[in-house]
Amino acid sequence: MNIKKIICWPPLLAGIGAGITILILGYITYESFLSDTDYGLWLVASFGSTVVVVFGYPDNEFAQPKNVFFGHLLTTFVGIIFVTFFEVSFFTIGLAVGIAIMFMMA
């Protein structure tokens, strides 16, 4: 097995990139001096991407109802697993999002 193929596997790279991004946003939201509230204001914008894809690019493959429905179902399942078995923190939020994106792409 070629290690370069494993390291450069697109779902893995996307999962790591998204996980790090959400980890940073979670840290800013809950742990930094910028966190004036517990409502997750720094994380809200990242969840609007589905609306942009569905209404902005309705002919795109990713905007089709089955992809949106099963993508949200899969990410909900991953989120429930993380909330059930791990303490909620900015680190686990980032890890859950990264794993969910990796599963969706795979």
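Residue numbers run consecutively from 1 along every chain, following the written order of its sequence. Only residues with pLDDT of at least 70 get local features here, since the model is predicted, and only at 80 or more are side-chain atom pairs given and counted; chain-wide, interface and lining totals rely on the full set of residues. Calculation of side-chain values draws on the structure's entire complement of heavy atoms; hydrogens and water are dropped beforehand.

## Thoughts on the overall build of the protein
Thinking step 1. Segments assigned H or I by DSSP are reported as helices when at least four residues long, segments assigned E as strands when at least two residues long, and all are numbered from the N terminus. Each helix and strand counted, the protein has 6 helices and 0 strands in total.
Thinking step 2. Overall, the protein shows an N-to-C arrangement of helices and strands of α-α-α-α-α-α.
Thinking step 3. Looking at the 106 residues of the protein, the share that counts as buried comes to 21%.
Thinking step 4. Surface accessibility in these figures is a Shrake-Rupley result with a 1.4 Å probe; residues are shielded only by whichever protein chains are displayed. Total accessible area on the protein stands at roughly 7900 Å², and carbon and sulfur atoms take up 73% of it. Each residue is placed in one exposure class: buried if its accessible area under a 1.4 Å probe, protein chains only, is under 20% of its type's maximum, exposed if it is over 50%, and partly exposed if it falls in between.

## Things to note about the packing of helix α5 (residues 65-85) against helix α6 (residues 90-105)
If you want to describe how two helices pack, look at the angle between their axes and the distance between the axes.
Thinking step 1. Structural elements are reduced to axes, namely lines fitted to C-alpha atoms, with helices fitted over the stretch in contact, and the angle between N-to-C directions of any two is expressed from 0 to 180 degrees. Contact geometry for α5 and α6: axes closest at 9 Å, N-to-C directions at 145°. For the pair α5 and α6, the sense of crossing is right-handed. The segment α5 lies against α6, with G71, L74, T75, V78 and F82 engaging T92, L95, A96, I99, A100, F103 and M104.
Thinking step 2. As a working rule, the residues Ala, Val, Leu, Ile, Met, Phe, Trp, Tyr, Cys and Pro are called nonpolar, Asp, Glu, Lys and Arg charged, and the rest polar, with Gly in that last group. For the contact of α5 with α6, the residue count by class is 9 nonpolar, 3 polar and no charged. Helix crossings fall into two classes, left-handed where the near helix is turned counterclockwise from the far one by less than a right angle and right-handed where it is turned clockwise. Should any heavy atoms of two residues lie within 4.5 Å, those residues are considered in contact.

## Topic: the environment of E31
Thinking step 1. Along the chain, E31 falls in the loop between α2 (10-30) and α3 (41-44).
Thinking step 2. By relative accessible area, E31 is classed as partly exposed at 48%.
Thinking step 3. Once the C-alpha coordinates of E31 and S89 are considered, the two residues, 58 residues apart in sequence, prove to be 9.3 Å apart.
Thinking step 4. Excluding residues within four positions of it along the chain, E31 makes contact with G26 and F90.

## Describing α6
Thinking step 1. Any helix carries an expected span of 1.5 Å times its number of residues minus one. For α6, built from 16 residues, the straight-helix expectation of 22 Å at 1.5 Å per residue is met to within 8% by its first-to-last C-alpha distance of 23 Å.
Thinking step 2. For α6, the complete set of buried residues consists of T92, G94, A96, G98 and A100.
Thinking step 3. Turning to α6, the residues buried within the fold contact α2 and α5.

## Some details on a nonpolar patch on the surface
Thinking step 1. Residues F77, I81, F85 and F86 make up a contiguous nonpolar surface patch of roughly 440 Å² in combined accessible area.
Thinking step 2. Owing to a relative accessible area of 30%, I81 belongs among the partly exposed residues under this scheme. Like charges within 9 Å and nonpolar side chains (Val, Leu, Ile, Met, Phe, Trp, Tyr) within 5 Å are joined into patches, using only residues over 30% in relative accessible area that form no salt bridge. Any carboxyl oxygen of Asp or Glu within 4 Å of a side-chain nitrogen of Lys or Arg constitutes a salt bridge here.

## Overview of the environment of F82
Thinking step 1. Tracing the backbone through its elements, the reader meets F82 in helix α5.
Thinking step 2. Among the residues examined, F82 registers a relative accessible area of 11% and is labelled buried.
Thinking step 3. Counting along the chain gives 13 residues from F82 to L95, while the straight-line C-alpha distance between them is 8.9 Å.
Thinking step 4. Dropping the residues within four chain positions of it, F82 is found in contact with T92, L95, A96 and I99.

## A look at the side chain of T92
Thinking step 1. Position of T92 relative to the elements: it lies in helix α6.
Thinking step 2. Judged by relative accessible area, T92 falls into the buried class, the value being 13%.
Thinking step 3. If we skip the residues at most four places from it in the chain, T92 touches F82, F86 and E87.

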